[in-house]
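Overview (structure and organization)
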Amino acid sequence: MADGNAAKIDYFGALTAGLWRENPTFRLLIGMCPPLAVTTAVKPALTMGLSVIFVLVCSNVVISLMRNLLKPHLRIIMFCLSIATFVTICDLYLRAFAPAMSEILGAYVPLIIVNCIIIFRAEACASKNNVWVSFLDGIGSGTGFTIALCILAGIREILASGKFCDYQVMPHGFVPWAAMQMPVGAFVLMGLLLGLASLITAKKD
Amino acid sequence: MSFLSVVIVNNFVFTKFLGTCPYLGVSGRIDTAFGMGLAVTFVTALSGILTWLVDAYILVPLGLTITRYICYIIIIAGAVQLVEMYVKKFFPPLYKSFGIFLPLISTNCVILGICLFINIWGTNNLLEVAVLSTGAGIGFTVAICIMAAIRENMAMIDIPESLKGAPITLITAGLLTLAFMGFTGMIR
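Residues numbered from 1 in each chain as written. Chains lettered and ligands numbered in written order. Predicted model: local features only at pLDDT ≥ 70, side-chain atom pairs only at ≥ 80, totals over all residues.

So, the overall build of chain B
Going by this rule: Only DSSP runs of H or I covering at least 4 residues are called helices, and only runs of E covering at least 2 are called strands; the numbering of each starts at the N terminus. Put simply, a residue is buried when 20 or more other C-beta atoms lie within 10 Å of its own C-beta and exposed when 12 or fewer do; between those, it is partly exposed, and each C-beta is set from the backbone.
Helix and strand counts for chain B stand at 9 helices and 0 strands. Listing every helix and strand of chain B by position from the N terminus yields α-α-α-α-α-α-α-α-α. For chain B, the proportion of its 188 residues judged to be buried stands at 46%.

This is the structure in structure tokens:
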């Protein structure tokens with residue numbers, strides 16, 4: 001079925017938008033709960049990022065497939081139900097194959113259900129575009145989110161324990177910054193990084 | 001005692017990082033913040049109790065725990081719908097001032113979070129569940145009102161351009177977390 005005179009769909013744009021221009025954590029300021037909660041070390045952050053990519057891509061595809069059947073006032077609940085299904089799959093998979101990570105992440109894996117990123121992308125992109133664009137958008141935003149998580153987790157882990165992925169990075173005389181392990185470090189670091197991000201954007205314009 | 005614990009010592013915003021999105025968005029003025037906090041408290045109290053009841057008397061006995069998250073979401077959406085109808089009927093001006101926020105509460109981390117944590121903590125009597133869920137909502141209200149008060153005052157001082165808005169709010173939240181850490185050990 002030819003697309004006729006429809007505008008050329010920007011697949012590459014859909015993929016790269018989530019990486020910086022519409023990066024969920026640094027630009028759109030959505031989905032802020034996991035970056036603060038699971039970034040005490042890089043491995044949990046990576047696990048969380050990959051889980052979010054999985055759920056985001058699957059739910060984007062499913063919602064895009066059913067976008068023509070959605071009644072407006074039932075949208076949010078339908079999004080939540082599809083997301084909940086994939087999060088259940090993800091949670092069971094983690095509990096079975098990576099129990100240590102699942103322990104550390106605790107309740108934050110099921111909390112992916114109400115992660116603003118997924119619902120926002122479903123609302124803004126998946127419910128309006130075809131499957132391929134939604135798929136690429138899911139990968140893009142998920143990757144952007146994972147990169148943001150890893151940056152935050154990397155800084156916190158190096159400052160809090162001198163290690164990066166359990167590999168000693170700082171010299172032995174380094175006194176760890178205990179504040180980075182605690183909620184304080186998370187909030188303040190996130191604030192400073194956001195300030196940096198807005199500085200970079202301001203300079204670009 | 002568990003009430004004080006959940007409101008102050010284990011405050012859901014400051015120690016468990018839940019509810020950060022509306023926290024950043026709504027805490028501009030005290031009256032909107034208080035209204036939002038109140039709505040969240042109603043919904044957490046209602047959903048906390050309902051989800052625990054469903055889990056204890058339907059899901060576990062029938063072995064359907066795999067559908068737990070889906071059931072929780074349905075119950076929370078239903079509770080939000082109830083609160084919305086109630087507020088619309090009895091407090092129309094309040095309903096108007098909420099605008100988009102009320103339906104958005106159903107995707108608030110605090111609500112699903114408290115339901116999940118009650119499940120993880122293995123609470124097993126109804127009164128404690130009621131106290132914990134109301135307390136969590138009140139803790140969120142306390143956190144968001146403190147933040148709103150600080151932000152109202154921050155509007156009058158000189159903040160560097162790149163830190164305006166979310167960054168300075170997060171840094172302030174971090175310092176508030178530090179302050180709330182002083183409460184640890186208050187309850188044995």
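Here we look at the overall build of chain A
The following threshold applies: Radius of gyration means the value over C-alpha atoms here, while the globule rule gives 2.2 Å times the residue count to the 0.38 power. Two residues form a contact once the distance between their C-beta atoms, set from the backbone, is within 7 Å.
Looking only at helices and strands, chain A features 9 helices and 2 strands. Sequence-ordered secondary structure for chain A, helices as α and strands as β, is α-α-α-α-α-α-α-α-β-β-α. A globule of 205 residues ought to have a C-alpha radius of gyration of about 17 Å, and chain A, at 18 Å, matches this closely. The principal-axis extent of the C-alpha atoms belonging to chain A is close to 65 × 45 × 30 Å. Taking the contacts inside chain A whose residues are at least 6 apart along the sequence as the reference set, 75% of them involve residues at least 24 apart.

Considerations on the packing of helix α9 (residues 183–204) of chain A against helix α9 (residues 166–181) of chain B
Convention followed: With axes taken as lines fitted to C-alpha atoms, and helix axes fitted only over the stretch in contact, angles between N-to-C directions fall between 0 and 180 degrees. Throughout this description, any angle smaller than 35 degrees is read as roughly parallel, any larger than 145 degrees as roughly antiparallel, any in the 65 to 115 degree range as roughly perpendicular, and the remainder as oblique. By convention, the crossing between two helices is left-handed when the near helix turns anticlockwise from the far helix through less than a right angle, and right-handed when the turn is clockwise. Nonpolar residues are Ala, Val, Leu, Ile, Met, Phe, Trp, Tyr, Cys and Pro. Charged residues are Asp, Glu, Lys and Arg, and all others, Gly as well, are polar.
Relative to each other, α9(A) and α9(B) sit at 170°, their axes nearing to 7 Å. Put simply, α9(A) runs roughly antiparallel to α9(B). By crossing handedness, the relation of α9(A) to α9(B) is classed as left-handed. Facing A:P183, A:V184, A:F187, A:V188, A:M190, A:G191, A:L192, A:L194, A:G195 and A:S198 of α9(A), the residues of α9(B) in contact are B:A166, B:P167, B:I168, B:L170, B:I171, B:A173, B:G174, B:T177 and B:L178. The class makeup of the residues in the contact of α9(A) with α9(B) is 14 nonpolar, 5 polar and no charged.

Concerning helix α8 (residues 131–161) of chain A
Stated precisely, the cut-off is as follows: Multiplying 1.5 Å by the helix residue count minus one yields the expected span of that helix.
Here α8(A) is 31 residues long and its end C-alpha atoms lie 43 Å apart, about the 45 Å a rise of 1.5 Å per residue gives. Positioned one or two residues after α8(A), A:G162 has a phi angle of 70°, which is positive.

Description of the environment of A:V184
Note that A:V184 resides in helix α9. Beyond its immediate chain neighbours, meaning those up to four positions away, A:V184 contacts A:A179, B:G174, B:T177 and B:L178.

Remarks on the interface of chain A and chain B
Much of the literature gives interface size as the accessible area that the parts lose upon coming together. Listed by partner, the interface residues are 33 residues for chain A and 33 residues for chain B. Those elements giving two or more residues to the side of chain A that touches chain B turn out to be α3 (33–37), α5 (75–97), α7 (116–126) and α9 of chain A.

Regarding the confidence of the model for chain B
Put simply, the test is: The score called pLDDT rates the predictor's confidence residue by residue, from a low of 0 to a high of 100.
Scored by pLDDT, chain B has a mean of 79; 87% of the residues are at 70 or more. Reported confidences for the modelled complex are a pTM of 0.81 and an ipTM of 0.77.

A short note on the packing of helix α4 (residues 42–65) of chain A against α7(A)
Residues and elements named next belong to chain A. At a minimum axis separation of 10 Å, α4 and α7 run at an interaxial angle of 35°. For the pair α4 and α7, the sense of crossing is right-handed. The segment α4 lies against α7, with V52, V55, L56, S59, N60, I63 and S64 engaging I117, I118, R121, A122, C125 and A126. Of the residues that constitute the contact of α4 with α7, the class distribution is 9 nonpolar, 3 polar and 1 charged.

Remarks on the environment of B:T51
Residues and elements named next belong to chain B. Counting through the fold element by element, T51 comes out in helix α3 (residues 30–62). The class for T51 is buried, based on 28 C-beta atoms found within 10 Å. Remark: the alpha-carbon pair of T51 and T32, spanning 19 residues in sequence, is separated by 28 Å. Beyond its immediate sequence surroundings of up to four residues, T51 is in contact with Y72, I75 and C115.

Description of the confidence of the model for chain A
All names here are of chain A. Mean pLDDT over chain A works out to 80, with 93% of the residues at or above the 70 mark. Averaged over each element, pLDDT in chain A is lowest for strand β2 (residues 167–168) (71) and highest for α4 (89). Here residues 1–7 is modelled with pLDDT under 50, and outside its nearest four sequence neighbours on either side it reaches 0 contacts, counting other chains as well.

Here we look at the environment of B:M156
Residues and elements named next belong to chain B. Along the chain, the position of M156 falls in the loop between α8 (126–154) and α9. According to the C-beta neighbour criterion, M156 is exposed, with 6 such atoms within 10 Å. When the C-alpha positions of M156 and L4 are compared, they lie 34 Å apart, and in sequence the two are 152 residues distant.

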